[in-house]
Amino acid sequence: MDNIQNRQKKPNSLINETSPYLLQHAYNPVEWYGWSQEALERSKKEDKPIFLSIGYSSCHWCHVMAHESFEDNDIAKIMNENYINIKVDREERPDIDDIYQRACQMYTGTGGWPLSAFLTPDQRPFYIGTYFPNESRHGLPGFGTILLRLADGYKNRRNEVISSSQEFVTALRESSTDIVSDTESKLEKTIINEAAVTLLQLADNLYGGFGSAPKFPNASNLLFLLRAFDYSGITKYKDFVLFTADKMDSGGIHDHVGGGFARYSTDQRWLVPHFEKMLYDNALLSTLYSEIYSITLDPNYSNVLEKILRYVQREMTSNEGAFYSSQDADSEGEEGKYYLWSYKELKKILEQEVSEIFAARFGVTQGGNFEGNNILNKYTSVQRLSEKYSKTQEWINEKIESSLEQLYQIRLKRIKPETDRKILTSWNGLMISGFVSGYKATGNLSYLENAQKAVSFIENNLSSSSNRLNRVFNKVSKISGYLDDYAFYVDALINLFSVDSKSYYLERAIEYTNSMIEHFWDTETNDFFFTPDDNEKLIVRTKNHYDLAIPSGNSVATSNLIKLYYYTQNEDLLAKADQMIQRMSKPAAGNPFGFGQLLSAIYLRMKTPLEISIIKNGEYSELGNHVNRKFLPNAITAIVNQTSLSELDKYPYFKNKSINANNNNNNNIKNNIKEFAFVCKDFTCSLPISTIDELEKNIS
């Protein structure tokens, strides 16, 4: 229906964009532009303020504001007569979003999407907010009223507008970095434990996670707590992560039918999600559940992990092997409709013997738990169901899993939420690391293949001959990469190299890191800008340090520099990592909630990495599989074929690690042994190891 209606309308200039979000607005009566020199110059030429609207494809309230206001002819008339109207996809242009989100935080105390900013022609904000209803309600002024008042102010009280915009810019320049560092502070050995204790003071001991509602997974903090457990041996850190993982798994934030997790829960107990799904959440959570499974060997965790990765394989992977960005919360104009089930519907679908057990397992009732329908959540344990219905737990698990797959196939026939199919380098980097983690934990070769294919896609479509990265691919590759693109993708290359040690992956990681240092490094403050030095000049050049829903590029880059140092012995890499840790450690200790990934980098620096090299003949490696399955967050590993070792010999990490070079030095080595391991710590290496028992003694 929308396409038929659109054919009868004249498109605006967004029709030439590739972003699904921008294309959603191509037939609005608003004369939208993308962010472009044409739009900025027109604002100056006509002396009109800019209305800047920033959102993303799967944003529910972005859709609401679009339907209420941007599709309204009367409101569009006001916008077109008084403003130059610019639409930005925050996932394509996080640099623009970052600047005006900071302004919104300063002005309103909060932020979010849609972001609605009113700018002077030189891009200075003078009024800013998020969602505005089309008519005044709930204490919010109507959008039409705001448009007219601000247009009048710009025409008739220009001095006030200019003054306000100057105050904004001054404040933005002062807050263009997230932290104020103390270069004299000393990194204390107690920082890991103190940060973990402080973080647990924010913990929700009833439902897991941090804080109340809305509740986000905060994977970076949970991953740090696992490292704090490894560093200190204090089990309460690990126990809280397992408790949170169980609660998230049980809740409605977890899509029990199709796999994967929604972006956040609207309530404290993870029951009612905001139904949109983001690639980055599922990437980070796949790493989390992989590590938990490696620690516990509990099949419940591998089950969650495999469902996440299967969801990404089935619904978020392009034919070429790259990963899509997100899926909407809405379908058929209703939030969550695709994911909900009525009691009658389930009773009709499932065989009688199973439907009652299924309903008990997932809390399905006639009244429902969400607007008369049911969000599936693990309500009753399998053990309790086994006792109640006199069935084995294996029988119940089998019936539950087959029922969930049956529902998945039925759900596929519904009208699906839209998928944002643009490929982001940074988020693909996170997902590659997620698949590598899944491969390590389970040995499933398809996960390794997913990671390899995604790397091939990025190298073929988002990389330049000068070792630069682009940000986004959607039919075309465009927009110079930001810090996150380099840091997350380099991390992915290092992770892939650790299990599939082809020299190409390490070489590319080093080359992109050198480019990142050349174009992003701030020699005055010893950290990285978010944008490269040859980026379009905006009103400020910002830096991001906080690890929130997504870790910061600075934090991930710190870990990368440490790992690459151990492979290369390039002292400059370690010096830069130490400078960044020095700059950020004090803020991290004071506010560990915002620095989970950075604290993981500090852990890696303080707990001397364990270098584990496995030299194999052929594809299979028993020693490699053993190392992969273990929880060794301080390990710098390589699993390399003897025939490929000569390509890596230029890196100090691989010196004197040939099987042939060591065969004569150990009488216990037999000619028929197919692989060896070397374990090094503090620059002292073991003799060649050929059995799992020997290997375990050296790494435990």
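The structure presented is a predicted model; accordingly, all values stated were derived computationally and were not measured.

Asks: Just give me the short version of the side chain of Asn554, but keep the residues and values in it.
Replies: Topologically, Asn554 is positioned in helix α22 (residues 553-568). Setting aside residues no more than four positions away along its own chain, Asn554 makes contact with Leu483, Asp527, Phe528, Asn544, His545, Met580 and Met584.

Asks: An account of the pattern of salt bridges is requested, with residue identities and associated values reported.
Replies: One side chain can pair with another of opposite charge once the charged atoms of both are near each other. Under the definition given, this model contains 44 salt bridges. Between Lys48 and Glu46 there is a salt bridge whose closest N-O contact spans 3.5 Å. Given the relative accessible area of 35%, Glu46 is considered partly exposed. A salt bridge links Asp527 to Arg583; its shortest N-O distance comes to 2.6 Å. Of this pair, Asp527 sits in strand β17 (residues 527-528) while Arg583 sits in helix α23 (residues 571-590), and the two are 56 residues apart along the sequence. By relative accessible area, Asp527 is classed as buried at 0%.

Asks: Please set out the sheet that holds strand β8 (residues 277-278) residue by residue, giving values where relevant.
Replies: What the 3 strands build is an open sheet, ordered β8-β9-β12; its pairing is antiparallel. With one partner strand each, in any of the chains shown, β8 and β12 (419-420) form the two edges of the open sheet. Examined bridge by bridge, strand β9 (residues 326-327) and β12 share 2 bridges and lie antiparallel to one another. Across the sheet, residue Ser326 finds its bridge partner in β12, namely Asp420.

Asks: Describe the pairing of strand β15 (residues 476-480), naming the residues involved and giving the relevant values.
Replies: Summarising the sheet, strand β14 (residues 470-474) and β15 pair through 4 bridges and their orientation is antiparallel. Bridge pairing links Asn474 to Val476 in β15. Between β14 and β15, which pair antiparallel and follow one another directly, the connecting turn spans 1 residue, one of which, Lys475, has a positive phi of 75°.

Asks: Give a description of the nonpolar core that names residues and reports values.
Replies: Here is a general trend for soluble globular proteins: nonpolar side chains tend to be buried in one another's company. Core analysis: the biggest nonpolar cluster contains 157 residues, and Phe143, Leu225, Tyr289, Ile432, Phe528 and Phe654 have the highest contact counts within it. Tallying contributions element by element places helix α20 (residues 483-499) first for this core, with 12 residues. What Phe654 contacts, discounting residues up to four positions off in sequence, is Phe497, Leu506, Tyr567, Ala638, Val640, Leu645, Leu648 and Asp649. Counting residues in each nonpolar core, the second largest holds 25 residues, with Leu40, Ala103, Cys104 and Val169 among its members.

Asks: Any details on the packing of aromatic side chains? Residues and values, ideally.
Replies: Under the counting rule described, the total for this entry stands at 40 aromatic pairs. Aromatic pair Phe210 and Phe593: ring centres 5.8 Å apart, planes at 75°, arrangement edge-to-face. One end of the pair, Phe210, is in the loop between α9 (191-200) and α10 (219-232); the other, Phe593, is in the loop between α23 and α24 (596-606), and 383 residues separate them in sequence. Its relative accessible area of 25% is what places Phe593 among the partly exposed residues. In this structure an aromatic cluster arises from ring pairing among Trp32, Phe51, Phe70, Tyr83, Tyr107, Phe118, Tyr127, Phe132, Phe143 and Phe168. When the ring centre of Phe362 is taken as origin, the NZ or CZ atom of Arg361, which lies over that ring, is 6.0 Å away.

Asks: Break down the side chain of Lys422 for me, citing the residues and quoting the values.
Replies: Take Lys422: it is sitting in the loop between β12 and β13 (423-424). Residue Lys422 is classed as buried on the basis of its relative accessible area, which comes to 0%. A distance of 2.6 Å separates the side chain of Lys422 from the side chain of Asp420, its partner in a polar contact. Residue contacts for Lys422: discarding those within four places in its chain leaves Pro20, Asp89, Glu91, Glu92, Phe323, Tyr324, Ser325, Val472, Phe473 and Asn474.

Asks: Tell me about the sheet that holds strand β18 (residues 610-616), and name the residues and values.
Replies: The strand order across the open sheet formed by 4 strands is β19-β18-β20-β21, and the pairing between neighbours is mixed. Unpaired on one side and paired on the other, β19 (635-641) and β21 (684-685) mark the two borders of the sheet. The pairing of β18 with strand β20 (residues 675-681) spans 6 bridges and is antiparallel. When the sheet's bridge partners are listed, Ser613 is paired in β20 with Phe678.

Reading guide: rules and limits
Each chain has its residues counted from 1, running along the sequence as written. Given that this is a predicted model, residues contribute local features only at a pLDDT of at least 70 and side-chain atom pairs are listed and counted only at 80 or more, while totals for whole chains, interfaces and linings are drawn from all residues. Heavy atoms from the whole structure form the basis of all side-chain values; hydrogens and water molecules are not counted. Secondary structure elements are defined from DSSP: runs of H or I of at least 4 residues count as helices, runs of E of at least 2 residues count as strands, and each element is numbered from the N terminus. Residue contacts follow a heavy-atom distance rule, with two residues in contact if any of their heavy atoms lie within 4.5 Å. Within this document, salt bridges are pairs made up of a side-chain nitrogen of Lys or Arg and a carboxyl oxygen of Asp or Glu, the two lying within 4 Å of each other. Burial status follows relative accessibility: with a 1.4 Å probe on protein chains alone, a residue under 20% of its type maximum counts as buried, one over 50% as exposed, and anything between as partly exposed. Each pair of strands is called paired provided DSSP finds at least two bridges between the two strands. Definition used in this section: a nonpolar core is a set of buried Ala, Val, Leu, Ile, Met, Phe, Trp, Tyr and Cys residues joined via side-chain atoms within 4.5 Å. In this scheme Phe, Tyr and Trp rings, the latter by its six-membered ring, pair at centre separations within 6.5 Å, and the angle between planes marks the pair as stacked below 30 degrees, edge-to-face above 60, and tilted otherwise. Look at NZ for Lys and CZ for Arg. If either is within 6 Å of the ring centre and within 35 degrees of the ring normal, a charge sits over the ring. The term polar contact refers here to a pair of N or O atoms within 3.5 Å; inside protein, the definition further demands a hydrogen-donor-capable atom paired with an acceptor-capable atom, and it admits residues adjacent in sequence only when both atoms are side-chain atoms.

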